[in-house]
Amino acid sequence: MPKLGNFVDDAKGVASLSSQPSSLENKDYVRFVCISDTHNDHKRIKVPDGDVLLHAGDFTKFGTEKEIFEFNRWLGTLPHRHKIVVSGNHDLTMDTGFYDREWRKWHDEKQDSVKAKALLTNCRYLENEGIEIDGISSKAVNDPSSLPPCGS
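Cut-offs applied
- Residues numbered from 1 in each chain as written.
- Predicted model: local features only at pLDDT ≥ 70, side-chain atom pairs only at ≥ 80, totals over all residues.
- Heavy atoms only, no water.
- Helix = DSSP H or I, 4+ residues; strand = E, 2+ residues; numbered from the N terminus.
- Areas by Shrake-Rupley, 256 points an atom, 1.4 Å probe, with all protein chains shown as cover.
- Pairing = 2+ DSSP bridges.
- Contact = heavy atoms within 4.5 Å.
- Axes fitted to C-alpha atoms, helices over the stretch in contact; angles between N-to-C directions.
- Phe/Tyr/Trp six-rings, centres within 6.5 Å; stacked < 30°, edge-to-face > 60°.
- Buried < 20%, exposed > 50% of the residue type's maximum accessible area, 1.4 Å probe, protein only.
- Polar contact = N/O pair within 3.5 Å; in protein donor to acceptor, adjacent residues only side chain to side chain.
- Salt bridge = Lys/Arg side-chain N within 4 Å of Asp/Glu carboxyl O.

Caption draft 1: Region of the structure containing the overall build of the protein. Helix and strand counts for the protein stand at three helices and eight strands. When the helices and strands of the protein are read in sequence order from the N terminus, they spell out β-β-β-β-α-β-α-α-β-β-β. Put simply, the protein shows about 8800 Å² of open surface, and 50% of that area lies on carbon and sulfur atoms.

Written out as structure tokens, the structure is:
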């Protein structure tokens with residue numbers, strides 16, 4: 001099983017692994033990069049190299065299909081072998097049940113939740129499930145309905 005390095009949190013709040021191998025192909029390590037709360041500003045972020053990129057939610061401001069499309073396009077430019085995305089409370093359309101009931105509070109025109117999720121083609125979108133990558137299992141699940149809606 002790959003070893004995980006020690007996390008270092010620098011003064012700018014950027015977490016990275018210490019003693020990182022120089023090559024992404026090193027099988028002794030799996031380097032995780034975790035970001036969140038980018039709220040459409042993802043293009044302004046310098047994302048460190050790694051094997052796995054995890055975006056832990058709030059990649060949009062309002063969860064529109066256009067925002068999701070642009071975020072997905074940006075993900076496609078990143079070199080990480082694995083890209084994992086979970087939604088946050090600002091990614092409104094990803095929570096189908098909530099969005100179907102409450103969409104008028106945030107959008108003039110209803111977005112399609114199924115289409116919104118399908119727009120994420122450059123990553124693995126997780127909702128109510130775990131994942132295993134390179135022998136490392138995640139037991140965490142993402143349940144969008146458990147998040148308070150933005151503005152609450």
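Caption draft 2: Structural view of the sheet that holds strand β6 (residues 124-125). Taking strand neighbours across the sheet as the criterion, the four strands line up as β3-β4-β5-β6 in an open arrangement whose pairing is parallel. Unpaired on one side and paired on the other, β3 (32-35) and β6 mark the two borders of the sheet. Where strand β4 (residues 52-55) lies against strand β5 (residues 82-85), four bridges are found, and the strand directions are parallel. In the sheet register, L53 faces β5, and the bridge partner there is K83. Against the sheet, helix α1 (residues 65-75) makes contact with β3, β4 and β5, and its axis sits at roughly 155° relative to β5, the strand it touches most.

Caption draft 3: Layout of the packing of aromatic side chains. Under the definition given, this model contains three aromatic pairs. Aromatic pair F59 and F71: ring centres 4.4 Å apart, planes at 20°, arrangement stacked. On the criterion of sequence distance, the pair formed by F59 in the loop between β4 and α1 and F71 in helix α1 is long-range, its members being twelve residues apart. Among the residues examined, F71 registers a relative accessible area of 0% and is labelled buried. Seen from their ring centres, F71 and W74 are 5.9 Å apart, and the 35° between their planes marks the pair as tilted. Separated by three residues within a single helix, F71 and W74 lie in helix α1, roughly one turn from each other. Of the two residues, F71 and W74, both sit in the buried class. One aromatic cluster is present, built from ring pairs that chain together F59, F71 and W74.

Caption draft 4: Just the side chain of D58, in detail. As for its position among the elements, D58 is in the loop between β4 and α1. Polar side-chain contacts of D58 include one of 2.8 Å to the backbone nitrogen of H90. For D58, the contacting residues outside a window of four places in its chain are D37, T38, H39, S87, G88, N89, H90 and D91.

Caption draft 5: Broad picture of the pattern of salt bridges. All chains considered together, the criterion is met by eight salt bridges. Here E127 makes a salt bridge to K117, at a shortest N to O gap of 3.1 Å. With E127 in the loop between β6 and β7 (131-133) and K117 in helix α3 (residues 113-118), the pair connects residues that are ten residues apart, well separated along the chain. With a relative accessible area of 23%, E127 lands in the partly exposed category.

Caption draft 6: The environment of E127, seen in detail. Along the chain, E127 and D95 lie 32 residues apart, while their C-alpha atoms are 9.2 Å from each other. Looking at E127, its side chain comes within polar contact range of the side chain of K117, at 3.1 Å.

Caption draft 7: Up close: the pairing of β4. The pairing of β3 with β4 spans four bridges and is classified as parallel. Its bridge partner lying in β4, F32 is registered against V52.

Caption draft 8: Spotlight on unusual backbone geometry. Positive phi values are uncommon outside glycine, yet D37 reaches one of about 55°. Residue classification places D37 among the partly exposed residues on the basis of a relative accessible area of 44%. Here the phi dihedral of N128 falls at roughly 60°; this positive angle occurs in a residue that is not glycine. When you line up the elements, N128 lands in the loop between β6 and β7. The class for N128 is partly exposed, based on a relative accessible area of 45%.

Read these as layout, nothing more, since geometry by itself doesn't imply function.
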